[in-house]
Every structure is written in C-alpha cells, then in structure tokens.
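Each chain, written out:
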Number of protein chains: 2
Amino acid sequence: MGQQLAFCGDRPKSRPAPARSPDVSAVRHLRLFDDLDLEAQADILRLARPQRLGPGEAPLRQGDAPDLVFLVLSGRFKAVQVTSEGAQVVTRLVGPGDLMGHVAVLNDKPHSATPIAVLESLVLAWNCDDFMEAMRRHPGFAVAVMRGMAASIQEAHTRLREAATERVEQRIAHAVLRLARQAGRRVANGVEIAFPLTRQDIALMTGATLHTVSRTLSAWEHQGLVDGGRQHLVLRAPWVLARIAGGAAGGEETIASAGRPSGE
Amino acid sequence: MGQQLAFCGDRPKSRPAPARSPDVSAVRHLRLFDDLDLEAQADILRLARPQRLGPGEAPLRQGDAPDLVFLVLSGRFKAVQVTSEGAQVVTRLVGPGDLMGHVAVLNDKPHSATPIAVLESLVLAWNCDDFMEAMRRHPGFAVAVMRGMAASIQEAHTRLREAATERVEQRIAHAVLRLARQAGRRVANGVEIAFPLTRQDIALMTGATLHTVSRTLSAWEHQGLVDGGRQHLVLRAPWVLARIAGGAAGGEETIASAGRPSGE
DNA sequence: GGTTCTCTTTGCGGATCCGCAAAGAGCGGG
DNA sequence: CCCGCTCTTTGCGGATCCGCAAAGAGAACC
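Throughout, residues of each chain are indexed from 1 in the direction in which the sequence is written. Chain labels run from A onward and ligand labels from 1 onward, assigned in the order the entries are written. The predicted origin of the model limits local features to residues at a pLDDT of at least 70 and limits the giving and counting of side-chain atom pairs to 80 or more, whereas totals for whole chains, interfaces and linings rest on all residues. Water and hydrogen atoms play no part in the side-chain values, which are based on all heavy atoms of the structure.

### Thoughts on the relation of the copies chain B and chain A
In plain terms, the rule: In this comparison the copies share one frame, found by least squares on the C-alpha atoms of residues holding pLDDT of at least 70 in both. Contacts are residue-level and defined by heavy atoms, with any inter-residue pair within 4.5 Å sufficient.
Placing chain B over chain A gives an RMSD of 0.0 Å and needs a rotation angle of 180°, together with 0.0 Å of translation along the axis. Both chain copies can therefore be described as sitting about a two-fold axis. Both copies contact each other with a shared surface, as 100% of the interface residues of chain B are interface residues in chain A too.

Quick look at the structure:
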C-alpha cells in the first residue's frame, strides 16, 4: 500500500511457513494443474498462502510494485484500470482458475489494473520469486500459465476488434454474452449473470456510457430479450442477442423471429 | 518461399537437417535468448528453419490450424484480423524479437490474424511440437516467451482503454507515438516511422476511418507537427503529440507552445 | 419506518465522426 | 512517356452517441 517500488527479491527467501498450507484437492480440478503430477502440484502449493477477500476488496492495486501473484480458487474479480484523467475501464473479468498479477511480475512493471472482488472470494498468493521458481522447476506449469495468457491475449484482441468496428449495441450484446459464458448460471428463464453487475460495469467494459447501456438494456427488456434488475441481469434469449452482436440491426427483433435455442 | 504449409506433427520427428541451420549469432542479441546459455540456444535453434518473406507475404493465415511458430529476426509485420463482415483491424505490429503464431498454438485454436510482412523480412520457423518441446526442456526459454506475451497483454489492455475512453485524435496520437517507439528511426527533422504505413493502416489500428485519419494528419501537418507523405510519416514534434494524446485539445497548438524536447 | 445512498431510467441538445462522393497525387509498368 | 493503380485529400450531410439534467426505484442502515 504505502510501500515504495520495491523489487521482488527484497524479501528474504526463507520466510516463515504460512499459517496453513493449501490442500492439493483444492486445485487439482483447475486446468492450470492438469498436466502436473501430484508431486509437482504439492511442490507448487507448498509455497502458496491462501487468502480470503470480500466484495470490494482488492488483493493488489494499480501502480503497486509486482510482488505477489494470485490464483483465484472461487469467487470473481473485475480488473479496473484508471487513467490519470479519471476515466475507467474494466479490462477483464477474473474467475476460478485465472491468475492475477502475473502479467506485471513478468513485465517487471507496476500493476496496470486493480482487481476488485465482486463476490466473496478465495485466492492463493505466491511470492513472485516463488512463482517464477515454480515455473522454472515445473515446465508443465509454465506452459499452463502460458495457455491462460494466450487466452487472455485472444480475448483482448477480440474486444479490440469489437471496439474498433462495432456499434455500441453490438458491443453490449457481445459483452453480456461473454459475461454469460464466463460467469453464467442456467435459471428458469434463461441464463443469469452470477454476480452483482451494474450498468456502469457494462459501460466500462464496452466503452459506452452508463446512460447508453441503460437505454439499450431497457429496449431489450421491452422486447423480452433480457430481464433487468438492480445489479442483476438474466438473458432470456441469448440467440437473439447473438444475432444483434453479429450485426443485425436491433430494430423489431423479437424472441420468436429468430432461430430457436437447440443446443447451447 | 513457395513451400506449402504442413500440419503439426505430420512431419517425422527426426526430419532431415534443414538446408542451413541458423547460427546462434543471429539470435543471441534478442531478449528472448538473454537468459539462456549457448548450449540451450543451440539446442533450440537446431530445430528452427529460416525463412524469408517479401512485403505482402504472410507466413500464416487467419483461420489456419496452428502448426508453426515464427520468430522475427529482421523486418516487420502487421497482424490483420478480418471479421466475417469484412471489417478489419490491425491487432499488433510485429518486429525483431517478437513471436508469431504462438498464441494460437498455445490456445490450440486457429490463428486469429494474418501477419503480413511490410518489409523484406527474415524469420525462423519451428514446428509447433518442437516449439513446445523447447519450452519444456528450457524453462528459461518458456519464461522469456511469457515475458513477450505479458508485454502483448499490457499493450492490448492499453489500447482497449484508449479505444474506450479517448477521442479519435487522441487515439491517433497514441498510435503514431507507439509506432515511433516500436519502429521509429531518428532523422534530421524528427522521428520517422521506418516502414511503409498507409493512412488506412493507422485507421485500422485506431478504430477510425481512413478519412478521419487523413483529416487529422493533414491538420497536424499544417501545424508543423508531422511530415506526411505517401506511405510515409515523420513526427517532427513528438512532445506536442504526447500532449494531444494526453487529452489536450488539438486546437491552436504549435510546436513552440509546449515544452521543448530535452531528453527522449 | 423513515432516511439516505447507490443504482437506474428517461429526455433533450449537440458535438463527434462516419459514410458517400469525387478529385488530386505519387509510383510503377507497359 | 503515358497509363493505370493505389493512396491521399477534402467537402458535406446526417446518424450515433455522448453529456448534462433530473426524477424514480431499490436496498441498507439506523
């Protein structure tokens, strides 16, 4: 918090053992550990320290020196980037199996965003030296981390393309569909975004204003495409939203007018 | 040059030695090989095959299955992504030391963009299996690859923020400054973008139209901030452009009206 | 239960920037 | 040397979407 830019090796290598060492069973189902044998998993986990965060809390802050790497076990975070002028963006949504802080550690630059918990969350924290050492000792781990980064790059480039070529309504459609894929839960009327999400959040993800997002969602609600609510959203007709995202003008489209939902 | 693309693994593991095995001296100055000893460098290079591409040529194409990974030794590429509707974006600029195709290989998905050479270029190509094997065998190499990916993520997120929060003129300013940093060459009147760059290219990088870019550059040229030309651009007053990028309105700004160029 | 706060909705004017159109300018090829 | 190509410039109308403003709705707190 108040600490100056201090690089990752300032802390003594042999620090006191963490309160409780996390159990392998907590992570073995994550794709990050797929390729690793039990011994490697245990070796990596031995260095990790569990940490719990409530909504609104952040494990690290934009501008901080990169000293820790986090793995999300449960819960969800939104990574918010703030410019010097005060403008904000949500660069990505972080869920179970995703890492936080590794990009800054690898770049050896200050963290470029603040991941804010939107749900009660459980994470594992590594000292960044330990994290790098784990990757050097277990190449399979390094490759798994890279896979996650590759997915992150693809998503960023996809959003970049959307931002450059699509109108606001299409971008919002893409955003909510992506949210449904990443954090959706099947409910009676459709797919629910499974964490508190404000219109403002969607605006920060799409480069639109709060007002435009509200107007768009209202219109969709009148057409029966979504169910809105305070920090709450249910997609009733994802396939129609997909058509809107794909470029169909949002005119007089209704649930019935486009292909029905066969498989997901 | 005219050789066909072969799938990843189609070729026998112990294939005949390439026409000429690339020399370690060609890559040892690249950051990608910084942490590796000579033996490791040689081991990785042994599997690589050099390839030359002229302007307009592409080592791989969007939609192709990921079978090869390329390292740029010299020259430059622009990565172009095309949507099904025909809209285009330039997702990134690739120069010496950068990789191409690795993201798709790691994701095990088709390539999401086509890197088009804008200069006579020399690259090294790995069979993707060999590339993965090299990373597993040399963790330092894997980490170096990751550093490049981390930089790529940061740049993408930066552009995402710009696209979401800035006006066109600011985005163009940011884009040309980034170009100058990545591919700039000091000349008498300022910094020259050292490869053929059309207004259309800048438009595809900023999410603007060709016309708006042309208008903006014309205005800057009248103010003496840049020297334009066919596929050609020289930044005469990068510090003023930096002010514009930072949010200063592009009104009656001249070279003299803002801080002078002390250091770079 | 009332108050306060955040979040959401909706209206309206206007700046930005696209989209179409057409004419100039540099460059290579026949 | 002229032709044809691509790239660039410039004008103009109009749609999109922001920015300001203000009221309504839901949840939390005392």
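### Examining the interface of chain B and chain A
Put simply, the rule is: Salt bridge, as used here, is a side-chain nitrogen of Lys or Arg placed within 4 Å of a carboxyl oxygen of Asp or Glu. In protein, a polar contact means a hydrogen-donor-capable atom and an acceptor-capable atom, both N or O and within 3.5 Å, with residues adjacent in sequence counting only if both atoms are side-chain atoms; elsewhere, any N or O pair within 3.5 Å suffices. We count a stretch as a helix when DSSP gives it H or I for four or more residues in a row; a strand needs E for two or more, and each element gets its number in order from the N terminus. Classification used: nonpolar for Ala, Val, Leu, Ile, Met, Phe, Trp, Tyr, Cys and Pro, charged for Asp, Glu, Lys and Arg, polar for all others including Gly.
The partner chain A presents 41 residues to the 41 residues of chain B that form the contact. At the surface where chain B touches chain A, the tally comes to zero salt bridges. Our count for the contact surface shared by chain B and chain A stands at nine residue pairs in polar contact (both at pLDDT 80 or more). Broken down by secondary-structure element, the contributors of at least two residues to the side of chain B that touches chain A are strand E4 (88-94), helix H2 (102-107), helix H3 (128-137) and helix H4 (139-165) of chain B. A total of 21 residues in the side of chain B that touches chain A trace back to one element, the largest contributor, which is H4 of chain B. Broken down by class, the residue content of the side of chain B that touches chain A amounts to 20 nonpolar, 13 polar and eight charged.

### Focus: the protein's contact with DNA strand C
Applied cut-off: Think of it this way: one heavy atom of a residue within 4 Å of a molecule or strand is enough to make that residue near it.
Around DNA strand C, the surrounding shell holds 19 residues, and the nearest of these are Arg199, Ser214 and Arg215 of chain A together with Val168 and Thr212 of chain B. Looking at DNA strand C alone, sugar and phosphate atoms form 67% of those within 4 Å of the protein. Take Arg199 of chain A: an N or O atom from its main chain is 2.9 Å from a phosphate oxygen of DNA strand C. Between Thr212 of chain B and DNA strand C, the recorded distance is 2.3 Å, taken from a side-chain N or O atom to a phosphate oxygen. Elements supplying a minimum of two residues to the surface near DNA strand C: helix H7 (210-222) of chain A together with helix H7 (210-222) of chain B. Taken together, the residues that form the surface near DNA strand C break down as three nonpolar, nine polar and seven charged.

### Regarding the nonpolar core
As a reminder, the rule being used: Throughout this description, the term nonpolar core refers to a set of buried Ala, Val, Leu, Ile, Met, Phe, Trp, Tyr and Cys residues connected via side-chain atoms within 4.5 Å. Buried means the residue's accessible area, taken with a 1.4 Å probe over protein chains only, is under 20% of the maximum for its type, while exposed means over 50%, and partly exposed covers the values in between.
Counting 68 residues, the largest nonpolar core has Leu71 and Phe141 of chain A together with Phe33 and Phe141 of chain B as the members making the most contacts within it. Not counting the four nearest positions on each side in its chain, Leu71 of chain A is found in contact with Val27, Leu30, Leu32, Phe33, Gly97, Asp98, Leu99, Leu122, Val123, Leu124 and Trp126 of chain A.

### A short note on the pairing of strand E11 (residues 232-235) of chain A
Residues and elements named next belong to chain A. Let me state the cut-off plainly: DSSP bridges decide pairing: two strands pair if at least two such bridges lie between them.
Inspection of the sheet shows strand E9 (residues 190-193) paired to E11 by two bridges, in the antiparallel sense. Directly across from Val191, in E11, lies its bridge partner Leu235. Note: strand E10 (residues 226-229) against E11, four bridges, orientation antiparallel. Its bridge partner being in E11, Val226 is matched across the sheet by Leu235. The loop that links E10 with its antiparallel partner E11 comprises two residues; one of these, Gln231, has a positive phi angle of about 50°.

### Looking at the packing of helix H5 (residues 168-183) of chain B against helix H8 (residues 238-245) of chain B
Residue and element names in this part refer to chain B. Stated formally: Note on definitions: angles span 0 to 180 degrees between N-to-C directions of axes, and those axes are lines fitted to C-alpha atoms, for helices only across the stretch in contact. Orientation categories follow fixed angle ranges, with anything under 35 degrees roughly parallel, anything over 145 roughly antiparallel, 65 to 115 roughly perpendicular, and all other angles oblique. Two helices crossing with the near one rotated counterclockwise from the far one by less than a right angle form a left-handed crossing, whereas a clockwise rotation gives a right-handed crossing.
Packing of H5 against H8 leaves a shortest axis separation of 8 Å and a crossing angle of 140°. With respect to each other, H5 and H8 are oriented oblique. For the element pair H5 and H8, the recorded crossing hand is left-handed. Each of Glu169, Gln170, Ala173, His174, Val176 and Leu177 in H5 lies in contact with H8, whose residues at this interface are Pro238, Leu241, Ala242, Ile244 and Ala245. Within the contact of H5 with H8, the residues separate by chemical class into eight nonpolar, two polar and one charged.

### Quick notes on the sheet that holds strand E3 (residues 77-82) of chain B
Ordered in space as E4-E3-E6 (chain B), the three strands form an open sheet in which the pairing is antiparallel. Lying at the two open borders of the sheet, with one neighbouring strand each, are E4 and strand E6 (114-117) of chain B. On average, each strand axis in the sheet is inclined to that of its neighbour by 30°, with strand direction left out of account. Relative to E6 of chain B, E3 of chain B runs antiparallel, the two being bridged by four bridges. Counted as the bridge partner of Ala79 of chain B is Pro115 of chain B from E6 of chain B. The strands touched by helix H4 (residues 139-165) of chain A within the sheet are E3 and E4 of chain B, with E4 of chain B carrying the most contacts at an inclination of about 135°. The sheet contacts of helix H6 (residues 199-206) of chain B involve E3 and E4 of chain B, and relative to E4 of chain B the element is tilted by about 95°.

### Focus on the sheet that holds strand E11 (residues 232-235) of chain B
All names here are of chain B. Pairing in this open sheet of four strands is antiparallel, and the strands run E8-E9-E11-E10 from one edge to the other. Strands at the two margins of the open sheet, each flanked by one partner only, are strand E8 (184-187) and strand E10 (226-229). Strand-to-strand twist across the sheet, computed as the mean angle between neighbouring axes with direction ignored, equals 25°. This element, H7, spans E10 and E11 of the sheet and lies at about 130° to E10.

### A word on the domain arrangement of chain A
Residue and element names in this part refer to chain A. Where we set the bar: For the domains described, the bounds stem from an automatic or database domain assignment. By definition, the buried area sums, over both parts, the 1.4 Å-probe accessible area that each loses when the two are put together.
One can read the domain layout of chain A as domain 1 (24-161) and domain 2 (166-245). Inter-centroid distance (C-alpha atoms) of domain 1 to domain 2 is 26 Å. The interface is formed by twelve residues belonging to domain 1 together with eleven residues belonging to domain 2. Summed over both sides, the interface of domain 1 with domain 2 buries roughly 1100 Å², with 56% coming from carbon and sulfur. Between domain 1 and domain 2 we count one salt bridge in total. With its nearest N and O atoms 2.8 Å apart, the salt bridge here joins Asp201 to Lys78. For the pair domain 1 and domain 2, the interface holds five residue pairs in polar contact (both at pLDDT 80 or more). For the side of domain 1 that touches domain 2, the secondary structure elements donating two or more residues are strand E4 (88-94) and H4. Its residues placed into classes, the side of domain 1 that touches domain 2 shows five nonpolar, two polar and five charged.

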